[in-house]
Amino acid sequence: MSAPRIAVIGAGVAGCGAALRAAQLGADEITLIEAGHPGGGSSGLSAGVYNIQTVDPLDIEIRIRARELLFRLEAAGTLHLARIGNVRVAYTDADMARLAAARQVQRDLGATDSLLLDRAALQELVPDLVTSDLAGGLHGPDDGHLDGHLLCSALLDEARASGVRLLTRTQVVGHERTPGGHRLRTTEGDVAADVVINAAGAWGSRVGELLGVRVPLVPQVHEVVQVQLRRPLPYVVPMTNLYMPGMTGEGLYFRQDGPDSLIAGMHTYVVQDEGGVADPDDYRRRGSDAYLEQVAEALTERFLVEDLGFKPGWTGLYPLSPDGRFILGPHEQDPTVISCTGLGGVGVTMGSIAGFTAAEWAVTGRPTTVPGAEVLRPDRATLTDLVGGRP
């Protein structure tokens, strides 16, 4: 069988990763179609965090493989990583047990840098953190943050050097099935492909509908707040995440941004009822006063630094799935359409390997970088049951 022609819709981290991996695997023609500019959606509007500090074994593996790719790009000089560290706190002894199990999974997968901290060690790491109600945490000293636009650029540089064609400011306006393939109607002409990868982020449902498959996404607005330090601290504040996986609400996060500034916000992996469904073409781009007050109150109670100043930052979209997991893989009704969507608030952290997985489905018929990602296919029961079954 000849190598497939692949069209990727969306040039965020996931789409750029998919295009690069398809080229590595020898796909015949690869066209990456972007309505705006690379990284212009959620990838460029995130807090830019990367880390391996979570508890689900599959998520840990995807994060580790993504971080390995980031380290390679850093070594090549095409990406800067701010290795300020990342700590996920534990509230209870049971949480500590979950973090200890997560660290063992990390080590089994070859990542040995994480440190399990008791309360005293956590206090030493972040001296101004209120730890009286915390049991400890899991610290990744090699984790940190990056610029989402630069990550897309680094992935694209390699992809284009391998023959990927990039179409920017190009809308997909129509689609038709051809014998054995697809024809995408775009504002820059037709694109023929054997396989189409939907990596359109918050626009994933609309692209899915255009391609004839159902992609149930709930895009929700999330905000970043800018925090001014009146004087530099004698230490660098790591990414401090007070959201423990499994929480139903949101949890505070904050990290160093500049010598005299932090950024902060509220994070969750799951759909929030009060968040509503955002229109990715028409949602508010400025932070709200109510959210600013919520974050300011939470941070001043948790981080005892005097005279913090707060101002609105920016907003972006979490393209969440109903069950909180990625929508990743071929659709049962049409296996030549592959979704790489539902990345929520971890698109920068995990999106590159989600894209790799989509490309592996397209070229080899199965995921190989993270074989366990097969459970994230769009037609899984935990997803279709929540949205009323298959279309």
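Residues numbered from 1 in each chain as written. Predicted model: local features only at pLDDT ≥ 70, side-chain atom pairs only at ≥ 80, totals over all residues. Heavy atoms only, no water.

So, on to the packing of helix 1 (residues 13-24) against helix 5 (residues 148-161). Two elements in contact, helix 1 and helix 5, have axes whose closest approach is 9 Å; the angle formed by their N-to-C orientations is 15°. On the basis of the axis angle, helix 1 is roughly parallel to helix 5. Handedness of the helix 1/helix 5 crossing: left-handed. Counted together, Val13, Cys16, Gly17, Ala19 and Leu20 of helix 1 and Gly148, Leu151, Cys152, Leu155, Leu156, Glu158 and Ala159 of helix 5 form the full contact between these two elements. In the contact of helix 1 with helix 5, the residues fall into 9 nonpolar, 2 polar and 1 charged. (Axes fitted to C-alpha atoms, helices over the stretch in contact; angles between N-to-C directions. Helix = DSSP H or I, 4+ residues; strand = E, 2+ residues; numbered from the N terminus. Parallel < 35°, antiparallel > 145°, perpendicular 65-115°, else oblique. Left-handed = near helix turned anticlockwise from the far one by under 90°. Contact = heavy atoms within 4.5 Å. Nonpolar A, V, L, I, M, F, W, Y, C, P; charged D, E, K, R; others polar.)

As a further point, take helix 8 (residues 347-364). Each α-helix winds once per 3.6 residues, and so residues spaced three or four apart point in a common direction. An ideal rise of 1.5 Å per residue puts 26 Å on 18 residues; helix 8 measures up with 24 Å between its terminal C-alpha atoms. A large share of helix 8 lies buried, amounting to 16 of its 18 residues. Phi turns positive, to about 85°, at Gly365, one or two residues after helix 8. (Expected span 1.5 Å × (residues − 1). Buried < 20%, exposed > 50% of the residue type's maximum accessible area, 1.4 Å probe, protein only.)

Let's shift gears to helix 5. Between the first and last C-alpha of helix 5 there are 20 Å, a value that for 14 residues agrees with the 20 Å anticipated at 1.5 Å per step. Buried within helix 5 we find Gly148, Leu151, Cys152, Ala154, Leu155, Leu156 and Ala159. Those residues of helix 5 that are buried lie in contact with helix 1, strand 2 (29-33), helix 2 (57-75), strand 8 (165-167) and helix 8. Between a side-chain oxygen at the N-terminus of helix 5 and the backbone nitrogen of His149 the separation is 2.8 Å; the capping residue is Asp147. Of the residues flanking the end of helix 5, it is Gly163, one or two places downstream, whose phi is positive at about 105°. (Polar contact = N/O pair within 3.5 Å; in protein donor to acceptor, adjacent residues only side chain to side chain.)

The next thing to look at is the pattern of salt bridges. This model, assessed by the stated rule, comprises 21 salt bridges. With a shortest N-O distance of 2.8 Å, Arg67 and Asp143 are connected by a salt bridge. You can see Arg67 sitting in helix 2 and its partner Asp143 sitting in the loop between strand 6 (136-140) and strand 7 (144-145), a full 76 residues away along the chain. Looking at Arg67, the relative accessible area reads 7%, which means it is buried. With a closest N to O distance of 2.6 Å, Asp279 and Arg206 form a salt bridge. Of the two residues, Asp279 is situated in the loop between strand 16 (261-267) and helix 7 (289-302) and Arg206 in helix 6 (residues 204-211); the sequence distance between them amounts to 73 residues. It is possible to trace a salt-bridge network through shared partners that takes in Glu176, Arg183, Arg185 and Asp190. (Salt bridge = Lys/Arg side-chain N within 4 Å of Asp/Glu carboxyl O.)

Turning next to the packing of helix 1 against helix 8. Where helix 1 contacts helix 8, the axes come no closer than 7 Å and their chain directions differ by 40°. With respect to each other, helix 1 and helix 8 are oriented oblique. Crossing handedness for the pair helix 1 and helix 8: right-handed. Residues Val13, Ala14, Gly17, Ala18, Leu20, Arg21, Ala22 and Gln24 of helix 1 form the contact with helix 8, whose own contacting residues are Gly347, Val348, Gly351, Ser352, Gly355, Phe356, Ala359, Glu360 and Val363. The residue inventory of the contact of helix 1 with helix 8, partitioned by class, reads 9 nonpolar, 6 polar and 2 charged.

Geometry only, nothing functional implied.
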